[in-house]
Amino acid sequence: MKKNMIWIILGTVVVVALVILVILLVMGVFSKPIEMPIVESESQVTEDERGEAEGGSEGMNHNYVTYDGYTEMIALADTEEKANEIATLYEMELKRFENGVAVYVTKENPADVIKRGEENGWPTVSVNTIIELSPIENPQGGNFKIYKNINS
């Protein structure tokens, strides 16, 4: 009798916990983005160099991910080993690798890093940028918002 009572109580607790978890998931409690300690600041790159570094996007206001004098650069890599090889080529530090994207940091001018890679035929790297979106009115109406890049 006592064993049955313990199983009933344990089962009830598990069911209640699952119901609470489902309610929290539906309410979006666990879908909030992870906040990272990123400090946005202007790098030492001029507008002309930014246009060069970003493939000719002259006039766009890019917000590079920078901190403590380092600029983040990104590259696609199939494996972490390949990401480390790219870091060695460019003399950058691999900060993280996830889902085929490698994130590096460098104190060098990003335009110089990209140019050196192009000249040597190395895998492509680019500056890690933050693109800000702002809602605009939906021209067709409806219950959703359309977003545009506020930098363009």
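As shown above, the structure is provided for reference.
Residues numbered from 1 in each chain as written. Predicted model: local features only at pLDDT ≥ 70, side-chain atom pairs only at ≥ 80, totals over all residues. Heavy atoms only, no water.

**A word on the pattern of salt bridges**
Selection rule: Any carboxyl oxygen of Asp or Glu within 4 Å of a side-chain nitrogen of Lys or Arg constitutes a salt bridge here. The way it works is that DSSP assigns letters per residue, a run of H or I at least four long becomes a helix, a run of E at least two long becomes a strand, and they are numbered from the N terminus. Burial classes follow relative accessibility: with a 1.4 Å probe on protein chains only, a residue under 20% of its type's maximum area counts as buried, one over 50% as exposed, and anything between as partly exposed.
Inspection of the entire model under this criterion finds 4 salt bridges. Taking the shortest distance from any N to any O, the salt bridge between E85 and K82 comes out at 3.9 Å. Here K82 and E85 lie together in helix α3 (residues 80–90), a separation of 3 residues that amounts to about one turn. Looking at K82, the relative accessible area reads 35%, which means it is partly exposed. Here K95 makes a salt bridge to E93, at a shortest N to O gap of 3.8 Å. We classify K95 as partly exposed; its relative accessible area is 42%. Residue E93 is classed as partly exposed on the basis of its relative accessible area, which comes to 43%.

**Topic: the environment of N120**
Relative to the assigned elements, N120 resides in helix α4 (residues 110–120). On the basis of relative accessible area, N120 is assigned to the partly exposed category, the value being 45%. When the C-alpha atoms of N120 and L89 are compared, they prove to be 9.7 Å apart, with 31 residues separating the residues in sequence.

**Digging into the pairing of strand β3 (residues 70–76)**
Note the following rule: Any two strands with at least two DSSP bridges between them are considered paired.
Note that strand β2 (residues 66–67) and β3 share 2 bridges and pair antiparallel. Counted as the bridge partner of T66 is T71 from β3. Between the end of β2 and the start of β3, which pair antiparallel, lie 2 residues, with D68 showing a positive phi angle near 50 degrees. Bridge count between β3 and strand β5 (residues 101–106): 6 bridges; the pairing is antiparallel. By the bridge assignment for β5, A75 is matched with A102. Strand direction decides the pairing type here: β3 and strand β6 (residues 126–127), joined by 2 bridges, are antiparallel. Directly across from M73, in β6, lies its bridge partner V127.

**Some thoughts on the environment of G117**
Its place among the elements puts G117 in helix α4. As a C-alpha pair, G117 and I86 span 31 residues in sequence and 9.8 Å in three-dimensional space.

**Some points on the pairing of strand β4 (residues 93–98)**
In this structure, β4 lies alongside β5, joined through 5 bridges in antiparallel fashion. Bridging from a neighbouring strand, F97 pairs with A102 of β5.

**Things to note about the nonpolar core**
Just so we agree on the cut-off: As used here, the term nonpolar core means buried Ala, Val, Leu, Ile, Met, Phe, Trp, Tyr and Cys residues forming a set that is joined through side-chain atoms within 4.5 Å. We call two residues in contact when some of their heavy atoms are within 4.5 Å.
If you look at the biggest cluster of nonpolar residues, it comprises 16 residues, and the most contacted ones within it are M73, I86, M92, Y104 and V125. Of all the secondary structure elements, the ones that give two or more residues to this core are β3, α3, β5 and α4. At 4 residues, the largest contribution of residues to this core is made by α3. In contact with V125, not counting residues within four places along its chain, are M73, I74, A75, I86, Y90, M92, V113 and I114.

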